[in-house]
Amino acid sequence: LQPRPINLSELSKLSDLYDTDWAILTGADRADPMKKNIDQGARTILTAVAKGLPGSRSNPMISVTDASSTKYIYFLVHLVHVIHSDLSTIKEVLEELYDMFDGIDSFCTERWGMWDMGSWCEDKNISFEPVVASYDRQRESFSELYTVFRSGRFKAPPVAVKGSKQEDILVE
């Protein structure tokens, strides 16, 4: 069972509720596409998150006028296990999201195994952000993620992708 992404109509309701427009941010953690057992070990997981700044539609200068109020809110709009880790399926999922949200603002992934995504993203006017995982970068990223989760600014429904030990990979 693969989860259904939130749709544009549902996101529009959240826009009205939070008085914000959204940036659609996508990312993938790709497993080795040559591995034989796709049910064990690392998996390719692709996510899409809507990022918005509450109050920014009615006050577009909010981040300039009150820097302390630039507390972005994030909604998980899609999380999927790309079963065979192949680039064609990753691109298909991104195409579906691109069509569903009238575009994607960025795609972030480790450079390994995703070298050819840069030109594909450029063709679609998607900002491509390849990263090399280092201890400092991971510490900084996970610290920020922890802060966002702890402050209640990350919203997500239960997901249908199982973790290694629990029913919901996001909770795990």
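Refer to the structure presented above.
Residues numbered from 1 in each chain as written. Predicted model: local features only at pLDDT ≥ 70, side-chain atom pairs only at ≥ 80, totals over all residues. Heavy atoms only, no water.

## Some remarks on the sheet that holds strand β1 (residues 23-29)
Here's step 1: In space, the six strands of this open sheet follow the order β5-β4-β1-β2-β3-β6, with mixed pairing throughout. Of all strands in the sheet, those with a lone pairing partner are β5 (127-131) and β6 (154-155), marking the two edges.
Here's step 2: Pairing analysis gives nine bridges linking strand β2 (residues 44-52) to strand β3 (residues 73-82), with the strands arranged antiparallel. Directly across from Val-49, in β3, lies its bridge partner Leu-76. (Pairing = 2+ DSSP bridges. Helix = DSSP H or I, 4+ residues; strand = E, 2+ residues; numbered from the N terminus.)

## Describing the pattern of salt bridges
Here's step 1: Enumeration according to the criterion identifies six salt bridges in this entry.
Here's step 2: Between Arg-57 and Asp-16 there is a salt bridge whose closest N-O contact spans 2.9 Å. You can see Arg-57 sitting in the loop between β2 and α2 (62-65) and its partner Asp-16 sitting in helix α1 (residues 8-18), a full 41 residues away along the chain.
Here's step 3: Among the residues examined, Asp-16 registers a relative accessible area of 54% and is labelled exposed.
Here's step 4: Asp-19 serves as the salt-bridge partner of Arg-57, at 3.9 Å between the closest nitrogen and oxygen. Residue Arg-57 is located in the loop between β2 and α2, and its partner Asp-19 is located in the loop between α1 and β1; the two are separated by 38 residues in the primary sequence.
Here's step 5: Of the residues examined, Arg-57 reaches a relative accessible area of 34% and is grouped as partly exposed.
Here's step 6: Classification of Asp-19 by relative accessible area gives partly exposed; the value is 22%. (Salt bridge = Lys/Arg side-chain N within 4 Å of Asp/Glu carboxyl O. Buried < 20%, exposed > 50% of the residue type's maximum accessible area, 1.4 Å probe, protein only.)

## Some remarks on the pairing of β2
Here's step 1: β2 sits mainly inside the fold: seven of its nine residues count as buried.
Here's step 2: Bridge analysis of β1 against β2 gives seven bridges, and the strand direction is antiparallel. What sits directly across from Ile-24, in β2, is Ala-50.

## Details of the nonpolar core
Here's step 1: Core analysis: the largest hydrophobic core is formed by 27 residues, its most contacted members being Leu-11, Leu-46, Ile-90, Leu-94, Phe-107 and Met-117.
Here's step 2: Only α1, β1, β2, β3, α3 (87-100) and α4 (117-123) provide two or more residues apiece to this core.
Here's step 3: Discounting chain neighbours no more than four positions away, the residues touching Met-117 are Leu-87, Ile-90, Lys-91, Leu-94, Phe-107 and Phe-128.
Here's step 4: The next biggest cluster of nonpolar side chains, apart from the first, holds nine residues, and it includes Ile-45, Leu-76, Leu-79 and Val-159. (Core = buried A, V, L, I, M, F, W, Y, C linked by side-chain atoms within 4.5 Å. Contact = heavy atoms within 4.5 Å.)

## What to know about unusual backbone geometry
Here's step 1: Of note, the phi angle at Ser-85 is positive, near 60 degrees, even though the residue is not glycine.
Here's step 2: In this fold, Ser-85 is placed in the loop between β3 and α3.

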